[in-house]
Amino acid sequence: MLRRRTLPSQEAEKVVEGLSSFLGQGQLKKLVKRGVERVDAEKVSLIVLGPYVFVEKGDWLVPVLVKPNAEIVDRLPSVWVDKGAVPRIASGADVMRPGITRMDEFKQGELVVVRDDKHSQPLAVGSALINSSEAAEASRGRVVKNIHHVDDAAWKLVNII
């Protein structure tokens, strides 16, 4: 069952606080005037703010990997993975150090975009489990916890709303 509603101003303000790291204050104010919507499905909650769509996962508000969010996704640090890791990550697996071919600088706990090495297409957005300097020195272990990936419930829901 799909439920879509406009958030009351107090609830919208709380949501917008979590989005300030993605969008500038001026842009946020303009978008909030148009309204903030929540779309709830069976296992997924989305926040729609103008053309932008975010998935709520626990305490995280994560940009969904769709074209309108490209400018937001491109501002996040990235890790690139080899072709062997692509199908696993696109199915929801965490990013392991052996699959990473290169990476931007990031801190533990930051959102990180996972991209395929050949085309640089975003496959997932996750939370860094260690910082990039530690990851560069490591030869194994988990580096990024997968929060949202292509073809997950949030991605599919965006494509039907």
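Above this text you will find the structure in question.
On a predicted model such as this, the values are computed, not experimentally measured, just so you know.

The rules behind each value
- Residues numbered from 1 in each chain as written.
- Predicted model: local features only at pLDDT ≥ 70, side-chain atom pairs only at ≥ 80, totals over all residues.
- Heavy atoms only, no water.
- Phe/Tyr/Trp six-rings, centres within 6.5 Å; stacked < 30°, edge-to-face > 60°.
- Helix = DSSP H or I, 4+ residues; strand = E, 2+ residues; numbered from the N terminus.
- Lys NZ or Arg CZ within 6 Å of the ring centre and 35° of its normal.
- Buried < 20%, exposed > 50% of the residue type's maximum accessible area, 1.4 Å probe, protein only.
- Arc of directions from axis to C-beta.
- Contact = heavy atoms within 4.5 Å.
- Lys, Arg positive; Asp, Glu negative; His and termini not counted.
- Salt bridge = Lys/Arg side-chain N within 4 Å of Asp/Glu carboxyl O.
- Polar contact = N/O pair within 3.5 Å; in protein donor to acceptor, adjacent residues only side chain to side chain.
- Pairing = 2+ DSSP bridges.
- Axes fitted to C-alpha atoms, helices over the stretch in contact; angles between N-to-C directions.

A. Inspection of the packing of aromatic side chains at higher detail. Applying the stated criterion across every chain, the model contains one aromatic pair. For the pair Phe22 and Phe54, a centre-to-centre distance of 5.4 Å together with 35 degrees between the ring planes defines the contact as tilted. With a gap of 32 residues between them, Phe22 in the loop between helix H1 (9-19) and helix H2 (25-34) and Phe54 in strand E4 (residues 52-57) connect regions that are remote in the sequence. Positioned over the ring face of Trp80 is Arg102, at 4.1 Å from the centre of the ring.

B. Quick peek at H1. Of all the residues in H1, the buried ones are Ala12, Val15, Val16 and Leu19. Considered in projection along H1, the buried side chains sweep an arc of 105 degrees and stay on one side of the axis. Summarising the geometry of H1, the exposed residues directed more than 90 degrees from the buried face are Gln10, Glu13, Lys14 and Glu17. Looking at the buried positions of H1, the neighbouring elements they touch are H2, strand E2 (36-40), strand E3 (45-49), E4 and strand E5 (60-63).

C. Examining the side chain of Asp152 more closely. Within the secondary structure, Asp152 is located in the loop between strand E11 (142-149) and helix H6 (153-158). One buried charged side chain, Asp152, makes no salt bridge at all; its nearest oppositely charged neighbour is Lys57, positioned 4.3 Å away. Here the side chain of Asp152 touches His148 through a polar contact of 2.9 Å, side chain to side chain. The residues touching Asp152, leaving out its near neighbours within four places in the chain, are Lys57 and Ile147.

D. Region of interest: the sheet that holds E4. The five strands are arranged E1-E2-E3-E4-E5 in an open sheet whose pairing can be described as antiparallel. If you trace the sheet from one side to the other, it starts and ends with strand E1 (3-6) and E5, each paired once. The average undirected angle you get between the axes of adjacent strands in this sheet is 25 degrees. Relative to E2, E1 runs antiparallel, the two sharing four bridges. Bridged to Arg3 within E2 is Asp40. The strands touched by H1 within the sheet are E1, E2, E3, E4 and E5, with E2 carrying the most contacts at an inclination of about 90 degrees. Sheet contacts for H2: E2, E3 and E4; angle to E3, the most-contacted strand, approximately 105 degrees.

Just distances and angles here, no functional claims.
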